[in-house]
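If you want the building blocks of each chain, they are given just below.
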Number of protein chains: 2
Amino acid sequence: MPAGKLNVIPLGGLGEFGMNCMAIRWADDIIVIDCGLMFPEAELLGVDIVVPDLTYLIENRDKVKAVVLTHGHEDHIGGLPWFLAEFNVPVYGTEFTLALVENKLEEHGLLDDAELNEIKPAERFRIGPFTINPIRVTHSIVDCVSLAIHTPIGVIIHTGDFKVDPTPTDNQLFDLHTFAEYGKEGVLALFQDSTNVERSGYTPSERAVRTKFEEVFHRASKRLFISCFSSSIHRIKLATEMAFQHNRKVALVGRSMTESSEIALDLGYLDIPDGLLIHPGQIKDFAPERVCVMISGTQGEPMSALSRAAVDNHKHAKIESGDTVVLSSRIIPGNEKAIYRVVDHLFRREANVVYDDGSWPPVHVSGHASQEELRLIINLVKPKFFIPIHGEYRQLRRHLELAKSMHGAVGQAMMIESGDILEFDELGARKSGKIAVGRVCIDSGSMGEVVEDLVIRDRRHLSEDGIVLPIVAINKLTGDVESVEIITRGFASASIESEITAQSRDVMTKTLEGSSTEEMRDYGVVKEKIRQDLKRFIVKSTARRPLILPVILEI
Amino acid sequence: MPAGKLNVIPLGGLGEFGMNCMAIRWADDIIVIDCGLMFPEAELLGVDIVVPDLTYLIENRDKVKAVVLTHGHEDHIGGLPWFLAEFNVPVYGTEFTLALVENKLEEHGLLDDAELNEIKPAERFRIGPFTINPIRVTHSIVDCVSLAIHTPIGVIIHTGDFKVDPTPTDNQLFDLHTFAEYGKEGVLALFQDSTNVERSGYTPSERAVRTKFEEVFHRASKRLFISCFSSSIHRIKLATEMAFQHNRKVALVGRSMTESSEIALDLGYLDIPDGLLIHPGQIKDFAPERVCVMISGTQGEPMSALSRAAVDNHKHAKIESGDTVVLSSRIIPGNEKAIYRVVDHLFRREANVVYDDGSWPPVHVSGHASQEELRLIINLVKPKFFIPIHGEYRQLRRHLELAKSMHGAVGQAMMIESGDILEFDELGARKSGKIAVGRVCIDSGSMGEVVEDLVIRDRRHLSEDGIVLPIVAINKLTGDVESVEIITRGFASASIESEITAQSRDVMTKTLEGSSTEEMRDYGVVKEKIRQDLKRFIVKSTARRPLILPVILEI
């Protein structure tokens with residue numbers, strides 16, 4: 001065994017939900033596994049997305065050799081534009097993952113300079129001292145891999161996100177054999193996904209959703225709207241197949257749904273018969289029972305297509321009494337109120353709403369491994385060291401306990417958090433230090449906005465760009481707007497500020513007047529509309545980007 | 001049948017979660033069933049509680065004759081202080097319900113003027129044209145009743161909150177017989193709790209929790225902390241019984257836990273052997289394995305005893321490595337992040353944390369009826385008209401569908417929302433109009449604050465009292481406070497304002513300096529502490545109560 005130290009340093013995702021990112025270092029070579037984003041907590045008002053702080057990598061700039069991706073979910077690739085703006089290194093990922101990355105980089109004008117290298121399961125590739133073997137796994141998105149990384153002192157396996165689906169819809173089976181072989185040969189360390197460690201038993205196969213979809217298609221007598229995560233190609237495939245069988249045309253509504261489906265179509269992950277797809281503008285030309293609309297917005301995002309359709313404010317997606325709306329997704333914690341608000345609006349439109357209410361068969365299944373699957377992989381891999389990844393603190397902790405109780409299958413279970421340096425050498429493994437990590441807040445505009453608005457907004461610049469608080473007082477009894485106020489601080493000189501304030505008030509008033517009664521009842525929508533309109537106005541007239549925090553008061 | 005019209009007018013709780021309140025009117029007599037509060041949505045920043053708008057009752061002041069309570073949960077009695085400040089009418093409720101009401105009215109200095117009339121299950125009483133028969137039901141709190149209200153044109157039944165628990169811990173059985181008798185005699189209308197209409201099957205009995213508690217008590221080797229809703233006398237009874245069996249002393253920590261237990265002890269709903277209870281200050285005097293602490297704060301409320309103990313900031317409740325902490329409660333939607341934050345802190349203290357993770361046996365069971373129980377009551381009562389109550393719009397809607405499908409058991413199912421006037425006469429029932437309803441926002445100080453701070457803060461006065469935005473910029477990497485800013489608008493003259501602003505900045509700085517590192521990581525706590533300290537300072541120095549909205553920015 002060569003002398004030297006292997007360092008594994010999570011930069012995000014261990015002790016927090018999202019922004020998964022991990023540095024693997026041997027001497028003067030660093031590779032980065034994934035670079036995700038997280039959606040901010042409510043406390044971080046006015047912030048759109050959060051990415052990992054890359055200071056450690058910046059301080060070791062010349063050592064950073066590549067970034068390797070496990071799959072294409074936002075919490076694994078969403079931080080890439082900010083990463084690549086700093087480090088122009090090669091990106092490795094599977095076909096579908098890279099297609100999503102391409103799209104993202106193009107939006108940021110970074111695609112031309114990027115070096116994207118496609119990898120395939122079971123085809124090893126080399127980066128400096130590391131030989132990497134991608135192993136096919138199953139998950140809610142297609143084309144996912146775990147990574148077996150051969151280092152000078154042994155093999156480490158990073159699972160990425162996975163579940164062990166024995167019957168994946170694309171028939172691309174989980175490569176249990178390779179895990180088993182590595183286990184036989186000896187694995188230094190296993191880094192395993194903790195997301196569902198609180199769930200006992202097995203996660204149901206993606207196919208479990210088919211039964212529910214069959215029931216839904218059978219029962220739907222008018223228009224059928226299906227919303228799922230836009231990256232859920234399995235789900236979109238299932239829905240389009242069934243639409244075809246039930247003689248319904250398919251319309252894709254919402255930017256993320258359209259983009260992700262187009263990518264999947266281009267690459268052959270989706271196969272839609274000729275003539276099945278229609279443009280959203282054609283929905284009205286077909287009888288309701290002949291239409292299936294795939295629509296973005298399962299999380300109640302205020303400006304998503306589904307949220308807008310729910311308050312009858314979408315040009316093409318009109319939801320009417322007797323239509324069926326399916327929310328085929330989980331409720332991400334923190335989004336409950338927003339999602340149920342959309343569901344309530346749909347019920348008010350007298351739609352039949354099918355959502356994950358705990359009933360069986362399920363309208364959604366998780367993409368993450370439950371306890372028995374986690375135990376299975378541990379048994380196959382038999383690592384010397386086991387380290388839980390991807391989870392909040394309690395999840396990492398429970399995963400640690402789960403592994404600790406597996407005598408004979410795990411040498412030692414260790415817990416680290418984002419920023420910890422885990423050091424391996426011939427003597428063993430230990431926490432050897434800590435680096436500065438953290439969250440960088442980015443005010444990217446919002447889902448509905450155009451892409452050139454995506455700009456890094458480091459809050460350190462707050463003192464330069466200031467803050468704007470639009471305050472709307474709404475009379476809860478009548479729904480009337482009783483007053484519109486704007487408080488600003490430090491974003492322009494006093495004379496400019498007072499002029500801008502007056503004009504901003506006009507902008508807000510116009511925004512409010514242009515909103516329907518239903519929108520006005522939904523404060524999430526009102527705030528987002530005000531924020532977008534004001535931002536556009538202020539950026540245009542002052543070239544500044546103050547933090548805009550709309551406040552609504554009921555009176 | 002006498003000529004005349006019976007009006008049923010929900011003032012809250014139909015189409016929203018909480019603040020249940022319903023007016024029943026015959027000619028010149030109005031009785032009010034329950035008067036609850038709701039906890040505000042995140043959008044209503046700076047508001048503590050929300051109560052129903054009572055304008056309709058105020059406009060018919062001389063007709064309001066009494067308020068009748070079904071049980072003592074906050075969403076049914078929490079609005080009473082504001083109700084009774086307007087209408088000094090008799091309050092009817094069961095023994096335990098009135099004891100909670102007494103406590104609440106005493107805090108508001110309203111007890112001396114209040115007329116509280118104790119009612120008992122199956123003992124009828126009369127208010128004007130109404131004869132009311134309280135029917136014993138089971139729920140998560142003790143001493144609950146449904147109300148059969150005999151009106152001049154027939155009997156209507158209001159279920160209150162209930163589940164059909166065949167084995168309640170207090171052996172006070174659900175009075176199915178009376179429901180059956182009414183069903184035989186004929187019921188005009190059934191108003192039934194919709195909370196759990198989305199759940200299939202039966203809700204497990206409160207006794208199902210015992211198995212889990214036995215396991216917990218058996219395994220706990222050091223201190224045992226149990227948190228549950230303070231009104232869950234069933235749960236507190238179970239815990240104290242098991243503590244006694246396992247030779248652990250019991251300490252009650254947190255104001256709501258202490259108060260509610262004392263009431264239950266006084267009235268005999270709890271029976272604690274002499275010498276079992278110890279004062280929180282004595283916890284340290286006993287060996288860890290001899291102590292069980294009942295502690296407030298299941299919902300992650302930032303200033304609750306459990307939240308403070310979780311960051312090692314409680315005088316008496318010290319949680320150490322190896323201690324066990326049980327959260328025996330459900331997660332109220334919207335509180336996920338706050339609760340998991342507390343759970344994470346507990347894991348960091350290396351406590352064994354037992355929470356509702358979906359595993360069986362359950363550490364918490366719901367107090368509300370699932371679908372089969374709802375169907376059972378409908379079958380027993382066989383109402384001419386069925387109206388779902390207590391639920392968000394989708395729940396009311398699903399309850400309506402459930403009832404509609406019960407041919408032979410329901411004459412007609414109707415859906416109304418808060419503010420709708422439902423009119424009954426000899427010809428039938430119909431929506432006959434709408435009154436103005438809404439939410440009144442109250443800034444009551446917070447759980448941690450003393451009671452004299454409870455003041456109605458109608459937001460109409462915002463223009464008089466102004467707004468204060470304390471803004472703290474925290475460096476996420478170091479945790480340091482980088483800047484402290486205060487923005488104010490319209491709460492004092494310019495010269496006073498600038499002085500107050502400077503002093504407020506000092507107050508904030510002091511608050512921040514006095515906070516532990518763990519508290520500083522928890523923005524919920526930081527914001528609440530700033531709000532409390534600033535409020536105290538501003539009220540004292542200006543006698544004004546501006547709206548205070550702390551903002552934290554990560555930089």
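Residues numbered from 1 in each chain as written. Chains lettered and ligands numbered in written order. Predicted model: local features only at pLDDT ≥ 70, side-chain atom pairs only at ≥ 80, totals over all residues. Heavy atoms only, no water.

Caption draft 1: Structural detail: the sheet that holds strand β8 (residues 116–118) of chain B. Residues and elements named next belong to chain B. Strands sit in the order β8-β7-β6-β4-β3-β1-β23-β24 across an open sheet of eight strands; the sheet is mixed. In the strand order of this sheet, the two ends are held by β8 and β24 (428–434), each with one partner. Going across the sheet, the axis of each strand differs from the next one's by a mean of 25 degrees, ignoring polarity. In the packing of helix α4 (residues 95–107) onto the sheet, contacts are made with β7 (91–93) and β8, and the angle to β8 comes to roughly 165 degrees. (Pairing = 2+ DSSP bridges. Helix = DSSP H or I, 4+ residues; strand = E, 2+ residues; numbered from the N terminus. Axes fitted to C-alpha atoms, helices over the stretch in contact; angles between N-to-C directions. Contact = heavy atoms within 4.5 Å.)

Caption draft 2: Inspection of the packing of α4 of chain B against helix α8 (residues 255–267) of chain B at higher detail. Residues and elements named next belong to chain B. The contact between α4 and α8 brings their axes to 10 Å, and the two run at 135 degrees. When the axes of α4 and α8 are compared, the pair comes out oblique. Handedness of the crossing formed by α4 with α8: right-handed. Where α4 approaches α8, its residues E95, F96, A99, L100, N103 and E107 are matched on the opposing element by R255, E259, I263, A264 and L267. By residue class, the composition of the contact of α4 with α8 is six nonpolar, one polar and four charged. (Parallel < 35°, antiparallel > 145°, perpendicular 65-115°, else oblique. Left-handed = near helix turned anticlockwise from the far one by under 90°. Nonpolar A, V, L, I, M, F, W, Y, C, P; charged D, E, K, R; others polar.)

Caption draft 3: Here's a closer look at the sheet that holds strand β20 (residues 412–413) of chain A. Residue and element names in this part refer to chain A. With mixed pairing, the seven strands of this open sheet are ordered in space as β8-β9-β10-β11-β12-β19-β20. Every interior strand has two partners, whereas the edge strands, β8 (125–127) and β20, have only one. Here two bridges tie strand β19 (residues 383–389) to β20, and the two strands are oriented parallel to one another. Within β20, the residue paired with F385 across the bridge is Q412. Set on the sheet, helix α5 (residues 176–185) makes contact with β9 (130–137), β10 (144–151), β11 (154–158) and β12 (187–193); between it and β9 the angle comes to about 135 degrees. In the packing of helix α12 (residues 393–404) onto the sheet, contacts are made with β12, β19 and β20, and the angle to β19 comes to roughly 155 degrees.

Caption draft 4: Expanded view of the side chain of S260 of chain B. All names here are of chain B. One can find S260 in helix α8. Within polar-contact distance, the side chain of S260 engages the backbone oxygen of S230 at 2.3 Å. With residues up to four places along the chain from it excluded, the contact list for S260 reads S230, S231, I233 and I236. (Polar contact = N/O pair within 3.5 Å; in protein donor to acceptor, adjacent residues only side chain to side chain.)

Caption draft 5: Spatial organisation of the confidence of the model for chain A. All names here are of chain A. On average, residues of chain A carry a pLDDT of 88, and 91% of them reach 70 or more. Here residues 42–46 is a poorly scored stretch, pLDDT under 50, and it has 18 contacts once near neighbours within four places are set aside; other chains count. Within the model, the stretch residues 444–463 combines pLDDT values under 50 with 49 contacts to residues more than four positions away or in other chains. On the interface metric, ipTM, the complex scores 0.75, and its pTM is 0.81. (pLDDT = per-residue confidence, 0-100.)

Caption draft 6: Summary view of the packing of aromatic side chains. Scanning all chains against the criterion turns up 14 aromatic pairs over all chains. With centroids separated by 5.0 Å and ring planes inclined at 40 degrees, the aromatic side chains of F83 of chain B and F87 of chain B adopt a geometry described as tilted. Both residues of the pair, F83 of chain B and F87 of chain B, count as buried. Sitting above the plane of the Y340 of chain B ring, R394 of chain A keeps its charged end 3.5 Å from the centroid. (Phe/Tyr/Trp six-rings, centres within 6.5 Å; stacked < 30°, edge-to-face > 60°. Buried < 20%, exposed > 50% of the residue type's maximum accessible area, 1.4 Å probe, protein only. Lys NZ or Arg CZ within 6 Å of the ring centre and 35° of its normal.)

Caption draft 7: Structural context of the pairing of strand β2 (residues 21–26) of chain A. Residues and elements named next belong to chain A. Counting buried positions along β2 gives six out of six residues, so the element sits mostly inside the fold. Here β2 shows two buried faces, one formed by C21, A23 and R25 and the other by M22, I24 and W26. As defined by bridge partners, strand β1 (residues 6–12) adjoins β2 across six bridges and the pair is classed as antiparallel. When the sheet's bridge partners are listed, L6 is paired in β2 with W26. The sheet contact formed by β2 and strand β3 (residues 29–35) spans six bridges and is antiparallel. If you follow W26 over to β3, its bridge partner there is D29. Between β2 and β3, which pair antiparallel one after the other, the connecting turn spans two residues, and A27 there sits at a positive phi close to 50 degrees.

Caption draft 8: View of empty space enclosed by the protein. Residues and elements named next belong to chain A. Under the defined criterion, the tally for this structure stands at 11 cavities of 30 Å³ or more. Lining the largest cavity are 15 residues, and of these V137, T138, H139, D170 and H234 lie nearest its centre. Here the residues of the lining of the largest cavity sort into five nonpolar, four polar and six charged. (1 Å grid on protein atoms, 1.4 Å probe; cavity = no way out; pocket = protein on both sides within 12 Å on 5 of 7 lines; lining within 4 Å. Points joined across faces, edges and corners; volume = space filled by probe spheres on them.)

Caption draft 9: Layout of the domain arrangement of chain A. Residues and elements named next belong to chain A. Looking at chain A, the domain boundaries give domain 1 (6–201 + 366–446), domain 2 (206–354) and domain 3 (466–554). Look at where the C-alpha atoms of domain 2 and domain 3 centre, and you get two points 32 Å apart. Residue-level contacts link nine residues of domain 2 with 10 residues of domain 3. Of the roughly 820 Å² buried between domain 2 and domain 3, counting both surfaces, carbon and sulfur atoms make up 54%. At the boundary of domain 2 with domain 3, the tally comes to zero salt bridges. (Domains from an automatic or database assignment. Buried area = accessible area lost by both parts, 1.4 Å probe. Salt bridge = Lys/Arg side-chain N within 4 Å of Asp/Glu carboxyl O.)

Caption draft 10: Focus on the environment of H316 of chain A. Residues and elements named next belong to chain A. Structurally, H316 can be placed in the loop between α9 (305–310) and β17 (324–328). By relative accessible area, H316 is classed as partly exposed at 25%. Those residues in contact with H316 that sit more than four places away from it in its chain are P280, G281 and I283.

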